[in-house]
Amino acid sequence: MTDPSLRDTARETRLLQSFVHIADTLVDDYDVDDVLHELTEVCVDVLDTTAVGLMLADQRGGLQTLAASSEKARLLELFQIAANEGPCLECFRSGDPVLVDNIAEYTSRWPQFAPTALKRDFHSAHSIPLRLRGKTIGSLNLFGQRPGSPGEQDLKVARALADTATIGILHERTIHRNEALTEQLQTALNSRISIEQAKGVLAHASGLDMDQAFQRLRQYARRTNNPLSRVANQLTEGILRPDQILGPQASRRS
Amino acid sequence: MFRICHAGVEMLPVDGASISAVRDGAERETLYATDEIIARVESLQFTLGEGPCHEACASRRPVLVPDLSIAPQTRWPVFVSEIDGLPIGAIYAFPIQYGAVDIGVLDLYRRHIGWLTDTELNTALQIVDLAAGALLGAQSETVHDTDGRGLKVWLAPLPRNRAEIHQATGILVAALGIPAEQALARLRSYAFTTDSVVEDIANDIVNRRTEPVVFDT
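Residues numbered from 1 in each chain as written. Chains lettered and ligands numbered in written order. Predicted model: local features only at pLDDT ≥ 70, side-chain atom pairs only at ≥ 80, totals over all residues. Heavy atoms only, no water.

Novice: Describe the interface of chain A and chain B, naming the residues involved and giving the relevant values.
Specialist: Listed as interface residues are 38 residues of chain A and, on the opposing side, 35 residues of chain B. At the boundary of chain A with chain B, total buried surface from both sides reaches about 3000 Å², with 56% on carbon and sulfur atoms. One can count four salt bridges joining chain A with chain B. A salt bridge links R61(B) to E183(A); the nearest nitrogen and oxygen atoms lie 3.6 Å apart. The interface formed by chain A and chain B holds nine residue pairs in polar contact (both at pLDDT 80 or more) in total. Counting only elements with at least two residues in the side of chain A that touches chain B, the list comes to β2 (63-68), α3 (71-83), α7 (178-206) and α9 (228-236) of chain A. Grouping the constituent residues of the side of chain A that touches chain B by class yields 10 nonpolar, 16 polar and 12 charged. (Contact = heavy atoms within 4.5 Å. Buried area = accessible area lost by both parts, 1.4 Å probe. Salt bridge = Lys/Arg side-chain N within 4 Å of Asp/Glu carboxyl O. Polar contact = N/O pair within 3.5 Å; in protein donor to acceptor, adjacent residues only side chain to side chain. Helix = DSSP H or I, 4+ residues; strand = E, 2+ residues; numbered from the N terminus. Nonpolar A, V, L, I, M, F, W, Y, C, P; charged D, E, K, R; others polar.)

Dropping the structure here:
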């Protein structure tokens, strides 16, 4: 059994490192898609949570998944968007955090979301709004495999990470103009689609699953110092070949 | 296209709309323009190779200019001076895209300067989705069936939030060596002819229950 105080110290160190790293990234000319994925991974790492998804307003009245710590989280979130119900949507519409400690108690409120979440072995869901000057642009959503509340400390951390995500998405640091907000939200949503398409290309060429394909895509983008969305577009358009990203050995013999 | 452009002009506080299609990733062709002014704006940009709609295509992002008179001169110097005599206050250019798929661009202009409200913006983006479906459908013969069901199917916007549709598109690109816009069109054609929904077909492809070769026509 690990000493709880030791465990806390280790966690704090990790948290601090993550913030410093993300803050560093945001100062440089950074790749927003990569930073946001990293942010969801940091959430899984430092908060008591299993899967994390980041959703963004599509400006058509709905929400879309922008980044997720795994395919599993994404499936769940997509389900609730489709079902038009659930904590993420309520958080986005109200602009307030929605903390669901035990999903099993919400089956009548969310008759479609709750059973699906439980079936996928998720028992808690906590949604934190991404806010910019009174406007909610999305939500950060934490799904846990055990029922329970996040605790004051974790909630503060989650809020700080949500704010970091907001800053990351709206990278013109002073967005006063509505048109700039739209330009950036729509660009971010389209990048997301590009990345999914590229994952498909890579998965087919290699036999990797979608999560693995994403990691390879990301490694290549980092190694060559290119934005993830540009690498993704080039792969789908045939400007880049799958074996350039995978390396010569990894391509599937079909 | 006629209906979509006019719906735009009717539902939004704009004075004109046009839709251009992108072919083979580069070439643009104006399919419809509601008036002479927006037609002129379009053709100018073709000729000059600069302007907001041109930039929207090239940079893959909406380019929204609520007041053209204060747009930086350096951004589109020739374009701005050429349209000087035209009664244009604002231009909103939305690329019509699904990820790497370039379908076209929707251009709206209004005589007065000003920004669209959130509701108007919502409408504009839904028109973009409608145009995307219609333009993709224009490449497929299923759209021209006799009872008109095809058209209805193609005008239903593709759900953007379904990652699996985009992943399946990518799988078809890799498996069949076709451009992404064709892959997407084949997914929808297949859904139409088998009377199923694109989401389910995509799910089968991603989970390797349907072989990509089925889509090789």
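Novice: Can you explain the pattern of salt bridges? Please cite residues and give values.
Specialist: All names here are of chain A. Counted under the stated rule, the structure contains 19 salt bridges over all chains. Salt-bridge contacts for D48 lead to R146; the nearest nitrogen and oxygen are separated by 2.9 Å. A residue pair is termed long-range when its members are at least 10 positions apart, and D48 in the loop between α2 (32-46) and β1 (51-57) and R146 in the loop between β5 (135-144) and α6 (151-169) qualify at 98 residues. With a relative accessible area of 55%, R146 lands in the exposed category. Ionic contacts of the salt-bridge type, sharing partners, join the residues D34, E38, E41, R218 and R222 into one network. (Buried < 20%, exposed > 50% of the residue type's maximum accessible area, 1.4 Å probe, protein only.)

Novice: Got a sec to walk through unusual backbone geometry? Specific residues and values, please.
Specialist: Notably, Q59(A) is not glycine yet its phi reads approximately 60°, a positive angle. Inspection of the secondary structure puts Q59(A) in the loop between β1 and β2. Note on Q59(A): relative accessible area 15%, which makes it buried. Of note in this structure, D195(B) is not a glycine but carries a positive phi near 55°. Within the element layout of this structure, D195(B) appears in the loop between α8 (180-193) and α9 (198-206).

Novice: Could you give me a rundown of α8(B), with the residues and numbers involved?
Specialist: Residues and elements named next belong to chain B. The terminal C-alpha atoms of α8 lie 20 Å apart, and with 14 residues this matches the ideal 20 Å at 1.5 Å per residue to within 8%. Listed as buried for α8 are A180, E181, A183, L184, A185, R186, L187, R188, S189, A191 and F192. Positive backbone phi, approximately 55°, marks D195, located one or two places after α8. (Expected span 1.5 Å × (residues − 1).)

Novice: An account of the sheet that holds strand β3 (residues 98-100) of chain A is needed here, citing residue identities and associated values.
Specialist: All names here are of chain A. Read across the sheet, five strands follow the order β2-β1-β5-β4-β3 without closing on themselves; strand pairing throughout is antiparallel. Each end of this open sheet is capped by a strand with a single partner; those strands are β2 and β3. The mean angle between the axes of side-by-side strands here comes to 20°, regardless of whether they run parallel or antiparallel. Relative to strand β4 (residues 124-132), β3 runs antiparallel, the two being bridged by three bridges. Its bridge partner lying in β4, V98 is registered against S127. Packing of α6 onto the sheet brings it into contact with β1, β2, β3, β4 and β5, and relative to β4 it is tilted by some 45°. Contacts between α7 and the sheet are confined to β1, β2, β4 and β5, with β2 contributing the most and set at about 60° to the helix. (Pairing = 2+ DSSP bridges. Axes fitted to C-alpha atoms, helices over the stretch in contact; angles between N-to-C directions.)

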